[in-house]
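Results of the structural survey
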Number of protein chains: 2
Amino acid sequence: MRNRFDTQLTLLNKEIIEMGALCETTINAAVKALIEKDRALAKQTIEAEKQIDQKEKDIEALCLKLLLQQQPVARDLRLISAALKMITDMERIGDQAADIADIVLVADLTLPTDFQDIKLMAEATIKMVTESVEAFVQRDLVLAREVIAYDDVVDDLFDVVKDDVIQLIGDMPKADKEIRNQMSLDVIDILMIAKYFERIGDHATNIAEWVEFSITGTHTEQEE
Amino acid sequence: MRNRFDTQLTLLNKEIIEMGALCETTINAAVKALIEKDRALAKQTIEAEKQIDQKEKDIEALCLKLLLQQQPVARDLRLISAALKMITDMERIGDQAADIADIVLVADLTLPTDFQDIKLMAEATIKMVTESVEAFVQRDLVLAREVIAYDDVVDDLFDVVKDDVIQLIGDMPKADKEIRNQMSLDVIDILMIAKYFERIGDHATNIAEWVEFSITGTHTEQEE
C-alpha cells in the first residue's frame, strides 16, 4: 500500500513538472507571438492553453484519488492539498498567456516601441514560474522564498511600463485625432499585456506560497 | 455516519453562503469607496478581504475533512471538489475588490467622469457573484448557466469603458503636459479598475461552471 502511494506521489511530481513546463512554453510562445506579431504562433498559444487545462484535470483526479484511497496524514496530506491549489494557479498562468496571445490575434499593435520593458516582465515571470515548480519538486523552501521575494521585481517593472505609457500618451500627435485613437487602443493593449504578466507573477508567488505550506505547514500570503 | 455527513454538508453550504455574502459586501464597499473617494472605507475593504481569505481556509479544511473521513462517492464527491474549486475563485474575487480599494487609497482620481460605466460593471458583477453562489446552494443548473451567459454583459461593458478611455485621451488638453500626465495616471487607474471587474465576472463564471459540474458531472470552460 505504502509503495503504491509512493509510486503515485512520484507520478504527481512528474505531472506537475510537465504542467509547469507547459506553462513556461506557453508564456514563451505568447511573448514571441507578441514581439514578432506572429498570429499563427498566437493561435498555437491559445491551443496550448487547452493542454494546460487538461493537465490540471488529470492532476486533480490524481490528487483526489490519493486523498480518497490512501488517507494521507500530516506531511503527505499537506503535499497533496498544496498540489491541488498549485495547479489552479498554474492553470490561471496558462489563461493569462492565452489572453496575451489573444491581444496579438485581435490587435494590430503599431506603437513605436520594441516592448523592451514587456520583454523584461516576460523574462522575470518565466523565471518565477520555473523556480516555483522547481521548489515544489525539490521541496526547496529557500528557493520558494526567493520566488516570493522576486515578485517585487515584476511589480516594479509593471510601474515602469505604466511610465512608458504615460510618456506615449504625452507624446501623441496633437493634430491627428485618428492616429491618437489608434495609439490609445495600442496603449490599452500594452497596459493589459503588462497586467497579465503582473498576474503571472502573482500566481507564481501563490505557487511558491503553497510549496512553503507543503514543507512548513504554514501558509502565508503576500500582499499583491 | 450518514447523518453526520449530511450535517457537515449543511455546514459546508452555510459556510459557502457566508463566503459569498462576504464577497458581495466587499465588492459593494470597494465601489462605494471608489465613487465617494472614501479612503477610510477603502481601508476597511482591504481589511474585509482578510476575512474572505480566512473563510477560504476554514471551508478548505472542512472539505478535506469530508473527503478524508467520509470517503464520499459520485455526486457528493463532485459537490465537495466543486466547493474546493469555487472557494479559490471566491478568494480571487476578494483580491480583485481589494485591488480596487487599493487604487482608491493610493490614487487621487480627478478625471471628469461619474464612473457611470464602472458602476454598471459593478452592478453586473455583483449580480453574477450573488447568483453563482445561489445556484450552488439551490443546486440550480438553469441559474448557473444564466450566470455563465451573463459574463458577456460584463465583457461588453469593459469594451465601453475602453471607448470612454480613448475618448478621454483624445480630449486631453494639448498644451499642459502636467495635466496630461495626471490624466494619464487616472486613465491607467480606470482601466485597471475596469479590468478587475471584468476578472470578477470571470471568477463568478468559474464558480457557475463548478456548480454545473457538481450537478451534471461535466465541467465545461468558457473562453474568457
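Only a predicted model underlies this, so the values are computations on that prediction, with no experimental measurement involved.

1. A look at the interface of chain A and chain B
The interface is formed by 48 residues belonging to chain A together with 48 residues belonging to chain B. Together chain A and chain B conceal approximately 4,000 Å² of surface at their shared face, both sides included; 56% is due to carbon and sulfur atoms. Note that Asp99(B) and Arg199(A) form a salt bridge whose closest N and O atoms lie 2.6 Å from each other. The interface formed by chain A and chain B holds 14 residue pairs in polar contact (both at pLDDT 80 or more) in total.

2. Observations regarding the side chain of Ser132(A)
Residue and element names in this part refer to chain A. Inspection of the secondary structure assignment puts serine 132 in helix α4 (residues 116-138). Judged by relative accessible area, serine 132 falls into the buried class, the value being 0%. If we skip the residues at most four places from it in the chain, serine 132 touches Val147, Ala204, Ile207, Ala208 and Val211.

3. Brief notes about the UniProt feature "domain: PhoU" (unreviewed entry) in chain A
All names here are of chain A. Sequence positions flagged by UniProt for "domain: PhoU" (unreviewed entry) are, in local numbering, residues 16-104 and 118-211. When the span residues 16-104 is considered, its composition is 93% helix and 0% strand, and the gap between its end C-alpha atoms is 28 Å. End C-alpha to end C-alpha, residues 118-211 measures 28 Å, and it is 91% helix and 0% strand.

4. Examining the packing of aromatic side chains
Applying the stated criterion across every chain yields a total of two aromatic pairs over all chains. Ring geometry for Trp210(B) against Phe213(B): centres 5.5 Å apart, planes inclined by 85 degrees, an arrangement best described as edge-to-face. A residue pair is termed a helical-turn pair when its members lie 3 or 4 positions apart in one helix, as Trp210(B) and Phe213(B) do in helix α6 (residues 177-216) at three residues. Across from the ring centre of Phe136(A), 5.0 Å away, lies the NZ or CZ of Arg139(A), which sits over that ring.

5. Looking at a negative patch on the surface
Residues and elements named next belong to chain B. Side chains of Asp152, Asp156, Asp159, Asp163 and Asp164 sit close together on the surface and give a patch of like negative charge. Within the secondary structure layout, aspartate 163 lies in helix α5 (residues 141-170). Its relative accessible area of 49% is what places aspartate 163 among the partly exposed residues.

6. Quick word on the packing of helix α6 (residues 177-216) of chain A against helix α3 (residues 74-106) of chain B
Helix-helix packing is characterised by the crossing angle of the two axes and by the distance between the axes. Where α6(A) contacts α3(B), the axes come no closer than 14 Å and their chain directions differ by 130 degrees. In terms of orientation, α6(A) and α3(B) fall into the oblique class. The handedness of the crossing between α6(A) and α3(B) comes out as right-handed. Note on element contacts: α3(B) touches α6(A) through Arg92(B), Gln96(B) and Asp99(B), opposite Arg199(A), His203(A) and Asn206(A). Of the residues that constitute the contact of α6(A) with α3(B), the class distribution is no nonpolar, three polar and three charged.

7. Details of the relation of the copies chain A and chain B
With an axial shift of 0.0 Å and an RMSD of 0.0 Å, the rotation relating chain A to chain B amounts to 180 degrees. Here the transformation between the copies is reduced to the relation of a two-fold axis. Interface residue correspondence from chain A to chain B reaches 100%, placing this contact among same-surface, isologous pairings.

8. Quick look at the pattern of salt bridges
Residues and elements named next belong to chain B. Under the criterion given, the structure shown has 28 salt bridges over all chains. A salt bridge links glutamate 198 to lysine 195, with the shortest nitrogen-to-oxygen separation between them at 3.0 Å. Here glutamate 198 and its partner lysine 195 are both found in helix α6, three residues apart, which amounts to about one turn of the helix. Grouping residues by exposure puts glutamate 198 and lysine 195 together as buried.

9. Observations regarding α6(A)
Residues and elements named next belong to chain A. Along its 40 residues, α6 runs 58 Å from first to last C-alpha, staying within 8% of the 58 Å computed at 1.5 Å per residue. Taken across its 40 residues, α6 has 32 buried, putting it largely inside the fold. Just past α6, the residue glycine 217 takes up positive phi, approximately 85 degrees.

10. With respect to the nonpolar core
Within the largest apolar cluster, 165 residues are counted, with the highest numbers of intra-cluster contacts made by Leu12(A), Ile16(A), Phe197(A), Leu12(B), Ile16(B) and Phe197(B). When sequence neighbours within four positions are dropped, the list of residues in contact with Phe197(B) reads Ile27(B), Val31(B), Ile100(B), Ile118(B), Met121(B), Ala122(B), Thr125(B) and Val154(B).

11. Observations concerning the confidence of the model for chain A
Averaged over every residue, the pLDDT of chain A is 89; the share at 70 or more is 96%. Model confidence for the complex is summarised by a pTM of 0.86, with the ipTM given as 0.79.

12. Focus on helix α2 (residues 39-70) of chain B
Residues lying three or four places apart along an α-helix face the same way, a consequence of the helix completing one turn every 3.6 residues. Residues and elements named next belong to chain B. Compared with the 46 Å implied by 1.5 Å per residue over 32 residues, the 46 Å span of α2 between its first and last C-alpha is a close match. Looking at where α2 begins, the residue whose side-chain oxygen comes 3.1 Å from the main-chain nitrogen of alanine 40 is aspartate 38. Two residues or fewer after α2 comes glutamine 71, characterised by a positive phi angle close to 45 degrees.

13. A look at the environment of His219(A)
Looking at the secondary structure, you find His219(A) in the segment after α6. Of the residues examined, His219(A) reaches a relative accessible area of 16% and is grouped as buried. The sequence separation of His219(A) and Ala82(A) amounts to 137 residues, and the corresponding C-alpha distance is 9.7 Å. For His219(A), the contacting residues outside a window of four places in its chain are Glu209(A), Trp210(A), Phe213(A) and Lys57(B).

Conventions we followed
- Residues numbered from 1 in each chain as written.
- Chains lettered and ligands numbered in written order.
- Predicted model: local features only at pLDDT ≥ 70, side-chain atom pairs only at ≥ 80, totals over all residues.
- Heavy atoms only, no water.
- Contact = heavy atoms within 4.5 Å.
- Buried area = accessible area lost by both parts, 1.4 Å probe.
- Salt bridge = Lys/Arg side-chain N within 4 Å of Asp/Glu carboxyl O.
- Polar contact = N/O pair within 3.5 Å; in protein donor to acceptor, adjacent residues only side chain to side chain.
- Helix = DSSP H or I, 4+ residues; strand = E, 2+ residues; numbered from the N terminus.
- Buried < 20%, exposed > 50% of the residue type's maximum accessible area, 1.4 Å probe, protein only.
- UniProt positions renumbered as here; feature names shortened; annotations may be inferred.
- Phe/Tyr/Trp six-rings, centres within 6.5 Å; stacked < 30°, edge-to-face > 60°.
- Lys NZ or Arg CZ within 6 Å of the ring centre and 35° of its normal.
- Patch = residues over 30% accessible without salt bridge, like charges linked within 9 Å, V, L, I, M, F, W, Y side chains within 5 Å.
- Areas by Shrake-Rupley, 256 points an atom, 1.4 Å probe, with all protein chains shown as cover.
- Lys, Arg positive; Asp, Glu negative; His and termini not counted.
- Charge placed at Lys NZ, Arg CZ, Asp CG, Glu CD.
- Axes fitted to C-alpha atoms, helices over the stretch in contact; angles between N-to-C directions.
- Parallel < 35°, antiparallel > 145°, perpendicular 65-115°, else oblique.
- Left-handed = near helix turned anticlockwise from the far one by under 90°.
- Nonpolar A, V, L, I, M, F, W, Y, C, P; charged D, E, K, R; others polar.
- Least-squares fit on C-alpha atoms with pLDDT ≥ 70 in both.
- Expected span 1.5 Å × (residues − 1).
- Core = buried A, V, L, I, M, F, W, Y, C linked by side-chain atoms within 4.5 Å.
- pLDDT = per-residue confidence, 0-100.

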